[in-house]
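Here is how the chains run, residue by residue.
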Amino acid sequence: MFSGPGRETMAWQDDRACAGVSLEAFFPRNGNWQRSRKICRSCPVRAECLDAELRAMAGGAATEGMFGGLTPQQRELLVGTRRPRSVA
């Protein structure tokens, strides 16, 4: 969905359903993932997005936001990794 450290811009991103959608939908401060889930469900490149994010995670990139229809916690469970939660 987004390019940045550890993430390459890929041709499939031209077909993403999230193009033009506010980042807030995919990085919600209130923890409400409903809007991004709806967008991701209809996305024709959902699998490619998830694959790219899992590759970025394997390369050590931060894993925040909704990618491929999964939250950071769901992706961590998928790959069997857990980051320590910060204590405030």
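Residues numbered from 1 in each chain as written. Predicted model: local features only at pLDDT ≥ 70, side-chain atom pairs only at ≥ 80, totals over all residues. Heavy atoms only, no water.

J.: Looking at this model, I keep getting lost on the environment of E76. Mind explaining?
T.: Along the chain, E76 turns up in helix α3 (residues 72-79). Look at E76 and you get buried, because its relative accessible area is 1%. Through-space distance from the C-alpha of E76 to that of L54 is 9.2 Å; in sequence the pair is 22 residues apart. (Helix = DSSP H or I, 4+ residues; strand = E, 2+ residues; numbered from the N terminus. Buried < 20%, exposed > 50% of the residue type's maximum accessible area, 1.4 Å probe, protein only.)

J.: Even after reading the chapter, I still don't get the packing of aromatic side chains, so can you show me in this structure?
T.: One pair of aromatic rings is described through two measures. These are the centre distance and the angle between the planes. Under the defined criterion, the tally for this structure stands at one aromatic pair. Ring centres 6.3 Å apart and planes at 85 degrees place the aromatic pair F27 and F67 in the edge-to-face group. Taken together, the residues span a long stretch of sequence, with F27 in the segment before α1 (34-41) and F67 in the loop between α2 (46-58) and α3 at a distance of 40 residues. Classification of F27 by relative accessible area gives partly exposed; the value is 32%. Residue F67 is classed as buried on the basis of its relative accessible area of 2%. (Phe/Tyr/Trp six-rings, centres within 6.5 Å; stacked < 30°, edge-to-face > 60°.)

J.: For this particular structure, what's the right way to read the nonpolar core?
T.: In globular proteins that are soluble, nonpolar side chains generally tend to be buried together. C18, A25, F26, W33, I39, C40 and M66 together form the largest nonpolar core, which totals seven residues. With six residues, the next largest nonpolar core counts W12, V45, C49 and F67 among its residues. (Core = buried A, V, L, I, M, F, W, Y, C linked by side-chain atoms within 4.5 Å.)

J.: I tried to follow the side chain of R75 on my own but got confused; where do I start?
T.: As for its position among the elements, R75 is in helix α3. By relative accessible area, which is 0% here, R75 ends up buried. In contact with R75, other than residues within four places in its own chain, are L50, E53, L54, M57, T63, E64, G65, M66, F67 and L70. (Contact = heavy atoms within 4.5 Å.)

J.: When you look at the pattern of salt bridges in this model, what are you seeing that I'm missing?
T.: Between side chains of opposite charge, a pair can form when the charged atoms approach closely. According to the stated counting rule, one finds three salt bridges in the structure shown. Linking R55 and D51 is a salt bridge whose minimum nitrogen-to-oxygen distance equals 2.9 Å. Here R55 and its partner D51 are both found in helix α2, four residues apart, which amounts to about one turn of the helix. Assessed through its relative accessible area of 60%, R55 is described here as exposed. Note that R75 is salt-bridged to E53, the shortest N-O span being 3.9 Å. (Salt bridge = Lys/Arg side-chain N within 4 Å of Asp/Glu carboxyl O.)

J.: What exactly am I supposed to notice about the packing of α2 against α3 here?
T.: Packed helix pairs are characterised by how far apart their axes lie and by the angle those axes make with each other. Two numbers describe how α2 lies on α3: the axes approach to 11 Å, and their chain directions differ by 70 degrees. With respect to α3, the axis of α2 lies roughly perpendicular. Contacts between α2 and α3 involve L50, E53, L54 and M57 from the first element and R75, E76, L78 and V79 from the second. Here the residues of the contact of α2 with α3 sort into five nonpolar, no polar and three charged. (Axes fitted to C-alpha atoms, helices over the stretch in contact; angles between N-to-C directions. Parallel < 35°, antiparallel > 145°, perpendicular 65-115°, else oblique. Nonpolar A, V, L, I, M, F, W, Y, C, P; charged D, E, K, R; others polar.)

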